[in-house]
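Close look at the chain arrangement
So the chains spell out like this:
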Amino acid sequence: MKNTQLRLLPEGLYIAIGVFALALPFLLDLYLVHLTTGVLVYVILSIGLSVLTKTGQVSIGQAAFFGAGAYTAAIISKFIYQSVLLEFVGALVVTVILAIFLGYVTLRMKGIFFSIATLAFTESLLVLAINERKIIGGATGIIVKPLFGNNMVMIYYFALALTLISLLTSYIANKSKLGYASLVIKNDERLANSIGINPTKYKIAAFVISAALSGLAGAFYVHYVTFIVPNDVFNLSISVSILAMTIFGGAYSFIGPVIGTIVLKLVEELLRQKITYGHQIGYGIILVITILFIPNGLVSLWKSRRISSTRQANKTGGGTL
Amino acid sequence: MDNLLQAVLNGVLTGGVYLVVTLGIALVFGIMRLMNFAHGEFVMLGAYTTFWCFTLLGMNPYISLILSALVLFVFDLIVYKGLIEHILDAPSINQVLLTFGISVILQNLALILWSANSVALNLKTKVIKIGVIQAGQDRIILFLIGLAVTILIILLLKKTYVGKTMSAVSQNRKAAYLLGINVPFFYLISFGLASALAGLAGGLVAIVMYSSPYVGGKLGLRAFAILTMAGLGNFNTIIVASLIMGLIESFVGIYVPQGPGWAEGISFLIILVVLAFRPAGLKGARAE
């Protein structure tokens, strides 16, 4: 099973994509390189979310960790010391602590409390950020310096490196005991318990990894846009689009979230020139249609053709229709 | 002291609105084991139904309450048949995602159709004074309507054949099938009933609060906090938990600087504190 997930695309295609990603700044003009960098932020967020969805849990509040990472980086750079490394470490530490705390309280319970709590978490951080005027400037926010003296090509490569780190994290997590435990927990929590897997422990571990990757994305994002205001990061619409991208691509696969994000971001950018308002409704519609018709996402279409086994699809899959 | 009494009254009256919102979610979860993230948006649609009936047709708000319940009943049965019915057997992650997706669609549809501005009915109502405290007549009447409907539903669930069948279906679906109970039909009824409640709640919201595309999300969050307090499947406790929620908000609004702005944070704090210390709800009944 693990192998089929990774061998989903032939190795040659992986290499081709890698080469294209590296050569991209030489092929496209600077504006498009800048846009692609923005897409990579969402790719990292989706990869992070997919580590969690593999356990059968879903967070509606990834924006909370995205924002927490962004604000941590901004606060460190403004008040403590201007060091990118320190900012990223700080963002990781803060998001990990938040996730351990929230996960410990809500993931012990069976069922939907977790999703509800993550939803409420985003809203409360938003309120907190808007009302805290002394340190983080309330609704006016904080201004941050761009990375690498605003050299867009360097920034792109930096984002690409972060994306690679996220992919590696997801790969290692999936190959480790967490990956196997997730598969069991997602399909049958009682079975997991009976074969000595502690579901709560692994669910928290997956949640922490997913939060840390979101924090990483946030710390980068704040330098990418060079300023931060509460509504820009602690925004439900960010959580919604990440959810739609991850589910659409394939929330239970390795490469699905990446494909889903790139495809939907591309469509969003193309449509943005025609429709300026209400693209969130599109993400809602994609979420609903994907769950109803291809609950395992785009990659499951590919997979079922390759393995041509409905039993496989049912086993890995969430949805029974 | 006057402030305190007034805060108590305001809190109780607001809690009455939360009660009707929460009851709909609890009903669907209690019987169908489905957490409906779109329920808040159904309430929002109910609020707009009442608002437009009043503004365009000049309809009496009390009559539009009934109409709004009917409109939501019909609308939600279409949503149920078209979308939700297909994922009843699916893992809970798919149920969360589908109902959440529906809520995103409805909220953004409302934004596109009616803009982000809040609208209110601004009824001229008699103010009733009891000693030093006071409240609008409408708010009191609507509170009583909400409470009466809630008690009626709880009695329906506890005392009648329909209610007993519903609880049989919720306890063991397969056994209920074997006994010859038409389970899909009872699911349909339960969902329809919850939807009518959403319409009614929306009417209350439109009259005593305001209508806005975001009001559903705000109310949904409070309802989740109330459900966490009450413990899932505890219908009686929901009444108390709703009043507590209304009271907490009312006190924070008066005694904390910039109080009203913190309302969303309060819901989260309640969820977190209750889950941390009394995971099965305040009453502490065993719930899975």
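Structure's up top.
Described in the following lines is the structure provided in the data block. (Residues numbered from 1 in each chain as written. Chains lettered and ligands numbered in written order. Predicted model: local features only at pLDDT ≥ 70, side-chain atom pairs only at ≥ 80, totals over all residues.)

**A look at the overall build of chain A**
So the rule is basically this: Secondary structure elements are defined from DSSP: runs of H or I of at least 4 residues count as helices, runs of E of at least 2 residues count as strands, and each element is numbered from the N terminus. Three exposure classes are used, all based on how many other C-beta atoms lie within 10 Å of a residue's own C-beta (placed from the backbone): buried at 20 or more, exposed at 12 or fewer, and partly exposed between those limits. The contact criterion used is a C-beta to C-beta distance within 7 Å, with each C-beta placed from the backbone.
Along its length, chain A carries 16 helices and 2 strands. Here chain A holds 321 residues, and the buried ones make up 50% of them. For chain A, the proportion of contacts with a sequence separation of at least 24, taken over those separated by at least 6, is 77%.

**A word on the overall build of chain B**
This is how it is decided: For a compact globule the rule gives 2.2 Å times the number of residues to the power 0.38, and the radius of gyration it is set against comes from C-alpha atoms.
For chain B, the count of helices and strands is 11 helices and 2 strands. Taking 2.2 N^0.38 as the reference for a compact globule, 288 residues should give roughly 19 Å; the C-alpha atoms of chain B span a radius of gyration of 19 Å, in line with that estimate. Each principal axis of the C-alpha distribution contributes one length, and for chain B these read about 60 × 45 × 35 Å. At a minimum sequence separation of 6, the contacts of chain B that also span at least 24 residues come to 75%.

**Some remarks on the interface of chain A and chain B**
By a frequent convention, interface size equals the accessible area lost on bringing the separate parts together. Note the following rule: Asp, Glu, Lys and Arg are counted as charged, while Ala, Val, Leu, Ile, Met, Phe, Trp, Tyr, Cys and Pro are counted as nonpolar; the rest, among them Gly, fall into the polar class.
At the interface, 41 residues of chain A touch 38 residues of chain B. Of all elements in the fold, only α5 (84–106), α6 (113–131), α12 (236–249) and α14 (280–293) of chain A reach the threshold of two or more residues within the side of chain A that touches chain B. If one sorts the elements of the side of chain A that touches chain B by residue count, α6 of chain A sits on top with 11 residues. A per-class count over the side of chain A that touches chain B returns 24 nonpolar, 14 polar and 3 charged.

**Considering the packing of helix α3 (residues 61–82) of chain B against helix α8 (residues 183–208) of chain B**
All names here are of chain B. To keep it simple, the criterion reads: Every angle, taken between N-to-C directions, lies between 0 and 180 degrees, and every axis is a line fitted to C-alpha atoms, over only the stretch in contact when it is a helix. We call two directions roughly parallel when the angle between them is under 35 degrees, roughly antiparallel when it is over 145, roughly perpendicular when it lies between 65 and 115, and oblique otherwise. Two helices that cross are described as forming a left-handed crossing if the nearer one is turned anticlockwise from the farther one by less than a right angle, and a right-handed crossing if clockwise.
For the pair α3 and α8, the least separation of the axes is 7 Å and the interaxial angle reads 140°. Taken together, the axis directions place α3 and α8 in an arrangement best described as oblique. When the axes of α3 and α8 are compared, the crossing they make is right-handed. Along its contact with α3, which presents P61, S64, L65, S68, A69, V71, L72, F73, D76, L77 and Y80, the element α8 presents L188, F191, G192, S195, A196, A198, G199, L200, G202, G203 and I207. Counted by class, the contact of α3 with α8 contains 14 nonpolar, 7 polar and 1 charged residues.

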